[in-house]
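Here are the chains, one letter per residue:
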Amino acid sequence: MFQNLSQLVRYRALIQSLVARELKARYRGSILGFFWSFINPLLLLLIYSLVFSVVLPTARSDVRPYGLFLFCGLLPWTWFHSSLLESSNVLISGGTLIKKVLFPAEVLPIVTVLANMVHFLLGLPILGLFLIYYRHASISLVEALSFPLVILVQLLLTVGLALIVSALTVHFRDIKDLLGNLLTFLFFATPIIYRIQDMPESYRWALNLNPFTHLAVSYQEILFFEGPFGHWKWLVALFVAAAGLFLAGYFVFDRLRDSFAEEV
Amino acid sequence: MPAIEVDHVTKVYRRYARRRQFATLKSALLGGTLVRDLRSDEKFAAVRDVSFSVPAGCTLGVIGRNGSGKSTLLKLVAGITKPTEGQVRVDGRVSALIELGAGFHPEISGRENVFINGIMLGLAKRDVAKRFDAIVEFAEMQEFIDAPVKTYSSGMYMRLGFAVAIHVDPAVLLVDEVLAVGDEAFTHKCLDKFAEFRRRGKTILLVTHNLPLVERFCDEALWLDAGRARGTGDPRRVVDEYVTDVAKSEERHLAAEDARARQAVATMPASPPEPSPPQATAPEEAPPNMFQATEGRWGTREVEITDVALIGENGEPAHVFRSGERLEVRMKVRARQPTSDFVFGVGLFTAEAVLIYGTNTRFEDYEPQELSGEGEVRVLIDRLDLVEGSYKLDVAVHKVDGSAYDYHRLLYSFRVKSHTKDVGIYRPVHTWSFSPSVRFKPLPSPASGTGPAR
C-alpha cells in the first residue's frame with residue numbers, strides 16, 4: 001500500500017494534466033466559458049441570500065451581512081459536495097481507462113477532488129471582494145496563516161472519502177443515489193446556513209461529530225467573525241482524523257483495486 | 001533474459017449469480033450479507049495454466065477462437081489485471097494497443113489529447129512534445145489536430161490513438177487486433193512500423209485473427225483454446241494445426257446441422273401407401289417453379305432415397321472439403337416395387353441457392369432398365385474445383401417425365417476450404433506463365449501460390 005502511495009508522487013504530471021483537462025473540458029462549448037467558475041457560486045449565493053433574507057427573514061436577522069456569512073460556508077461545501085458526487089461515478093465513467101490501459105485508478109478520484117478544489121479557489125477572490133466591500137476584512141495574521149491549513153484538512157478529508165466512495169460504488173452502484181441524499185442531510189447538519197451557537201446545546205454534540213462542522217466553523221471564524229480563531233483545537237483534531245481517513249481510504253481503494261478492471 | 005515471461009498463469013474471473021447483480025448496498029447491509037456478496041458464487045477461468053516466454057526482439061502471434069482468452073492474456077501481460085495464479089514478468093516499458101484512443105476526451109482538441117494520452121502511457125510531457133510532430137504526421141492528422149476529438153471520424157480517432165501508442169517507444173508492444181483500424185494504406189503503414197520495431201529489437205505480442213499475418217510476421221505462435229495453450233512454436237505449424245481444428249469443429253457443426261435436416265426430412269409426411277396409380281398426388285407438392293430454391297422434400301416415395309452421404313478423399317463421410325479434392329455423393333435408394341421408369345439427379349448450389357451445376361442420368365444418356373429393392377447410387381466428382389465457401393446439394397429420383405419419386409432440395413450442405421483467397425464460385429484448374437521480362441519475387445512457400453490448394 002505504501003509503495004503504491006509513493007507511486008502517486010510519480011503521477012503528479014498525469015494528475016496535473018488531467019486536472020487541466022477537466023477544467024478545460026467542463027466549460028468547453030459554453031459562451032461564458034471559464035467565467036462559470038465565478039458565476040456558479042455567485043448564483044448560488046444569490047439564491048440562498050434571497051431565500052434566507054427575503055422568504056424566511058426572521059430566521060437569521062442577527063447575522064449581518066447574512067449573505068457573506070452564508071458564502072463562507074457554502075463555497076467550501078460546494079467543493080466537498082461536488083467532489084464526492086462526481087467521484088462516486090468517476091471509476092465507472094473512466095472504465096475504458098481502467099480496463100484497457102495500465103492506469104493508476106486512484107488518479108481519477110483525486111483528479112475530481114482537485115478539479116473541484118480549483119473551482120473553490122477561483123471562488124475565493126469573489127469572497128475576498130465581498131469581504132472588502134462590506135469592510136469585513138478583520139483577518140489577523142494568525143488567521144491568514146491558518147487558512148491554508150483549513151484547506152489542506154478539507155483536501156485530505158475529501159480525498160479520503162472520495163477514494164472510499166469511488167471504490168465502493170464500483171461494487172454497489174446505488175451508492176450514487178444514496179450519496180446525494182446523504183449529502184443533503186449532511187448539509188443541514190452542518191452550520192452553514194446557521195451558526196453553531198444557534199443549535200440547541202443538547203444537540204451540539206451531534207454537530208461536533210460531523211467533520212464538516214469544524215471546517216465550516218473554521219472558515220467562518222477566520223473569514224467572517226471578529227476575534228481570534230478559537231476553533232483551532234478542533235481543526236487540529238480533524239487534521240489528524242482526516243489524515244487517518246485518507247490512509248484508510250487509500251487502503252480500501254488499494255484492496256479493491258484489482259477488482260476494478262473486472263467490475264467496471 | 002526473456003522480455004516476457006508467463007509462468008503457469010491462470011486467470012479466474014468471478015461470475016456472480018443473478019441474485020448478486022441486483023444486490024444493493026442497502027439489502028447487503030440489512031441482510032448482513034455484505035461480505036458474502038462481495039465474494040463470488042461462480043468462477044470462470046479465462047486463462048488456464050498458460051506458460052510461455054518471449055525472448056527480447058521476438059514477435060509472438062497469439063491465435064485462437066473468440067473467447068479463448070487471448071485478450072485476457074494480453075491484459076495480464078500488460079498488467080491491467082493480475083493473474084489469479086502464476087507469475088507474469090515483463091522486462092521494460094509496455095505499451096498496449098488494446099483499445100486505441102482510450103481516454104481521449106471528446107471535448108478537447110486532438111493536440112491536448114495527444115499530450116494527455118502520452119502522459120497516461122508513461123511519457124514525460126517534454127517527451128511528448130519532442131514526438132508530437134511525428135505522432136501527428138503518422139496519424140495524418142495535420143489539418144485536424146486542433147479540432148475537438150468529438151468531431152473526428154472513427155478512423156481518425158483510431159489513427160491518432162495508434163500513433164500515440166506506437167510513439168511511446170516501448171520495449172514491449174502488445175497489439176490486440178487493431179490493424180483493422182484504418183484504410184489499406186494506413187494498415188500498411190502500421191505493418192511497416194511493426195517491422196521497424198522488430199528491426200530495432202523490440203518485443204511484440206500480437207493477438208490477431210489474421211492468420212497469414214501470423215505466418216508471415218511472427219517468429220513464434222501461440223494457439224489458445226478455451227484458455228489453454230494448445231500449441232506453441234513455429235507459426236506455420238501452429239497456424240496449420242489451428243486451421244485443421246477449426247475445420248474439424250466446422251465439420252462437427254455441419255454434421256449437427258445435417259443431422260437436424262435429416263431429422264426434418266424423416267418427419268415429413270410419408271408417401272401415399274398405394275404405390276400403383278401414377279397420377280397419385282405427391283404428399284408435398286413440388287414448388288411451382290423448380291428453380292426457385294426452397295429447402296424441402298417432396299415426391300410419391302415410390303422410390304425413396306433413404307440416406308445420403310458425402311464421402312471425402314479418405315473414404316469417410318465428411319462435411320468439409322478442400323478445394324480440388326474429390327467428393328462422392330452416395331445415396332441409398334429403395335424401390336417399393338420394381339420399376340423401369342427412373343432417373344437419378346444431383347444439383348450443386350451455392351449458399352445463396354444459385355445453381356452451380358445440375359445433371360441427371362437421363363441427360364447423360366443412361367437408359368433405365370430396372371430398379372428393384374434396395375440399392376446404392378454414387379456420383380463421383382473427381383475434383384471439387386470450387387472456391388472457399390458453403391455449398392448445398394440436391395439429390396432426386398424421379399420419373400422420366402419429371403414427376404418426382406423423392407426430391408431432396410438443398411437438404412445437404414458442405415463447406416469448401418481453400419488456402420487461396422480467390423473469388424467467385426468455380427475455380428478452373430489453371431497456371432500462370434510469364435515471359436522473362438515479367439518477374440515476381442520467389443514465393444516464400446509454394447502453398448500460398450495460385451494453383452490448387454495443397
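On a predicted model such as this, the values are computed, not experimentally measured, just so you know. Position numbers for residues count from 1 along each chain, tracking the sequence in the order it is written. A letter from A marks each chain and a number from 1 marks each ligand, given out in the order of writing. Predicted model: local features are reported for residues with pLDDT of at least 70 only, side-chain atom pairs are reported and counted for 80 or more only, and whole-chain, interface and lining totals are derived from all residues. Heavy atoms from the whole structure form the basis of all side-chain values; hydrogens and water molecules are not counted.

### Some words on the pattern of salt bridges
One speaks of a salt bridge when a side-chain nitrogen belonging to Lys or Arg is within 4 Å of a carboxyl oxygen belonging to Asp or Glu. Inspection of every chain in the model, using the stated rule, returns 35 salt bridges over all chains. Two residues, A:Arg195 and A:Asp198, come together in a salt bridge whose shortest N-O distance is 3.1 Å. The buried label goes to any residue with under 20% of its type's maximum accessible area, the exposed label to any with over 50%, and the partly exposed label to all in between, with areas taken from a 1.4 Å probe on protein chains only. The exposure class of A:Arg195 is buried, given its relative accessible area of 16%. Its relative accessible area of 29% is what places A:Asp198 among the partly exposed residues. Residues B:Glu304 and B:Arg334 are paired through a salt bridge, measuring 3.5 Å at the closest nitrogen-oxygen approach. Taken together, the residues B:Glu304 in strand S11 (residues 303-311) and B:Arg334 in strand S13 (residues 327-339) connect sequence positions 30 residues apart. For B:Arg334, a relative accessible area of 35% translates into the label partly exposed. Counting from the N terminus, the helices are the DSSP runs of H or I reaching at least four residues and the strands are the DSSP runs of E reaching at least two.

### Focus on the sheet that holds strand S8 (residues 220-225) of chain B
Pairing between the strands of a sheet is mediated by backbone hydrogen bonds and can be parallel or antiparallel. All names here are of chain B. A pair of strands is labelled paired if DSSP reports no fewer than 2 bridges between them. As summarised here, the arrangement of the six strands in space is S5-S6-S7-S3-S8-S9, forming an open sheet in which the pairing is mixed. The open sheet has two edge strands with one neighbour each: strand S5 (94-97) and strand S9 (228-233). Strand-to-strand, the axes of this sheet are offset by a mean angle of 15°, without reference to chain direction. Helix H4 (residues 70-78) rests against strand S3 (59-64), S5, strand S6 (172-176), strand S7 (203-207) and S8 of the sheet, and its axis sits at about 155° to S6. Angles shown run from 0 to 180 degrees and are taken between the N-to-C directions of axes, each axis being a line fitted to C-alpha atoms and, for helices, limited to the stretch in contact. Any pair of residues with heavy atoms lying within 4.5 Å of one another is described as a contacting pair.

### What about the environment of A:Arg28?
By the secondary structure assignment, A:Arg28 is in the loop between helix H2 (12-27) and helix H3 (36-55). Taking the C-alpha atoms as reference, A:Arg28 lies 30 Å from A:Phe260; in sequence the two are 232 residues apart. Setting aside its immediate chain neighbours within four residues, A:Arg28 contacts B:Glu107, B:Ile108, B:Ser109 and B:Glu112.

### Regarding helix H7 (residues 154-166) of chain B
Residue and element names in this part refer to chain B. A helix is expected to span 1.5 Å for every residue after the first. Taking 1.5 Å as the rise per residue, H7 with 13 residues should run 18 Å; its terminal C-alpha atoms sit 18 Å apart, in good agreement. Taken residue by residue, H7 has Met 156, Arg 159, Leu 160, Gly 161, Phe 162, Ala 163, Val 164, Ala 165 and Ile 166 as its buried positions. In this structure, the buried residues of H7 make contact with S5, helix H5 (110-120), helix H6 (125-139), S6 and helix H8 (184-199).

Read these as geometric descriptors, not functional statements.
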